[in-house]
Amino acid sequence: MNETNPLFISVLELRVLCDRLLKHLSEVEGEGVQIERDYFWSIPDEDLYDVYSEPETFTVGQVSESIGHLRALLADESIRPTRHIVWLAEVLRAIGTPAARRAIE
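Please set out the overall build of the protein chain residue by residue, giving values where relevant.
When helices and strands are tallied, the protein chain shows five helices and two strands. Counting from the amino terminus, the protein chain carries its helices and strands in the arrangement α-β-α-β-α-α-α. With 105 residues in all, the protein chain has 12% of them scored as buried. Long-range pairs, those at least 24 residues apart, make up 43% of the contacts in the protein chain between residues at least 6 apart in sequence. When the accessible area of the protein chain is evaluated, it comes to approximately 9,300 Å², of which 56% is carbon and sulfur surface. Counting 10 positive and 19 negative side-chain charges, the protein chain places the averaged centre of each group 7 Å from the other.

Okay, here's the thing in structure tokens:
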């Protein structure tokens, strides 16, 4: 892959992967996962994929804020998804990161 040949990712493939991974999570963790560390570093969109320049600015995100946006989407079908996939990715990253799931000693 390069800039002239973008990577194609099938939505069906993503659906199957998500189902498989969430099934595994359910088998391992049960009904839910407890996130111990709410705050995380975030890189602004304009810098995130510019790997040729070191980011000059970092912001702080919150897993609780991200899941709040997702829960609002579930509660109100009139909400038009905007950054919801990004917020979902932030929540999934916290779930998949051991340091977020328990306090570091």
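Could you give an account of helix H4 (residues 84-96), with specific residues and numbers?
Spanning 13 residues, H4 covers 18 Å between terminal C-alpha atoms, matching the ideal 18 Å at 1.5 Å per step. Along H4, the residues classified as buried are His84, Trp87, Glu90, Val91, Ala94 and Ile95. Along the axis of H4, the buried positions cluster into a sector of 140°, meaning they face one direction only. More than 90 degrees from the buried face of H4, the exposed residues found are Ile85, Arg93 and Gly96. Residues of H4 that are buried make contact with helix H1 (11-29), strand E1 (39-42), helix H3 (63-75) and helix H5 (98-101).

So what's going on with H3? Residues and values would help.
Along an α-helix, residues three or four apart share an orientation, since each turn contains 3.6 residues. Between its first and last C-alpha, H3 extends 18 Å over 13 residues, near the 18 Å set by a 1.5 Å rise per residue. Taken residue by residue, H3 has Val63, Ser66 and Leu70 as its buried positions. Axial view of H3: buried residues confined to an arc of 70°, hence all on one face. Residues of H3 that are exposed and point over 90 degrees away from its buried face: Arg71 and Ala75.

Which residues make up the pattern of salt bridges, and what values go with them?
For the structure on display, the rule yields three salt bridges. Note that glutamate 29 is salt-bridged to arginine 101, the shortest N-O span being 2.5 Å. Pair noted here: glutamate 29 is in helix H1 and arginine 101 is in helix H5, with a separation of 72 residues, a long-range link. Overall, the relative accessible area of 23% leaves arginine 101 in the partly exposed class. Across the salt bridge formed by aspartate 45 and arginine 83, the nearest N and O atoms sit 2.7 Å from each other. Within this pair, whereas aspartate 45 is found in helix H2 (residues 45-48), its partner arginine 83 is found in the loop between H3 and H4, the two being separated by 38 residues in sequence.

Thresholds applied
Residues numbered from 1 in each chain as written. Predicted model: local features only at pLDDT ≥ 70, side-chain atom pairs only at ≥ 80, totals over all residues. Heavy atoms only, no water. Helix = DSSP H or I, 4+ residues; strand = E, 2+ residues; numbered from the N terminus. Buried < 20%, exposed > 50% of the residue type's maximum accessible area, 1.4 Å probe, protein only. Contact = heavy atoms within 4.5 Å. Areas by Shrake-Rupley, 256 points an atom, 1.4 Å probe, with all protein chains shown as cover. Lys, Arg positive; Asp, Glu negative; His and termini not counted. Charge placed at Lys NZ, Arg CZ, Asp CG, Glu CD. Expected span 1.5 Å × (residues − 1). Arc of directions from axis to C-beta. Salt bridge = Lys/Arg side-chain N within 4 Å of Asp/Glu carboxyl O.

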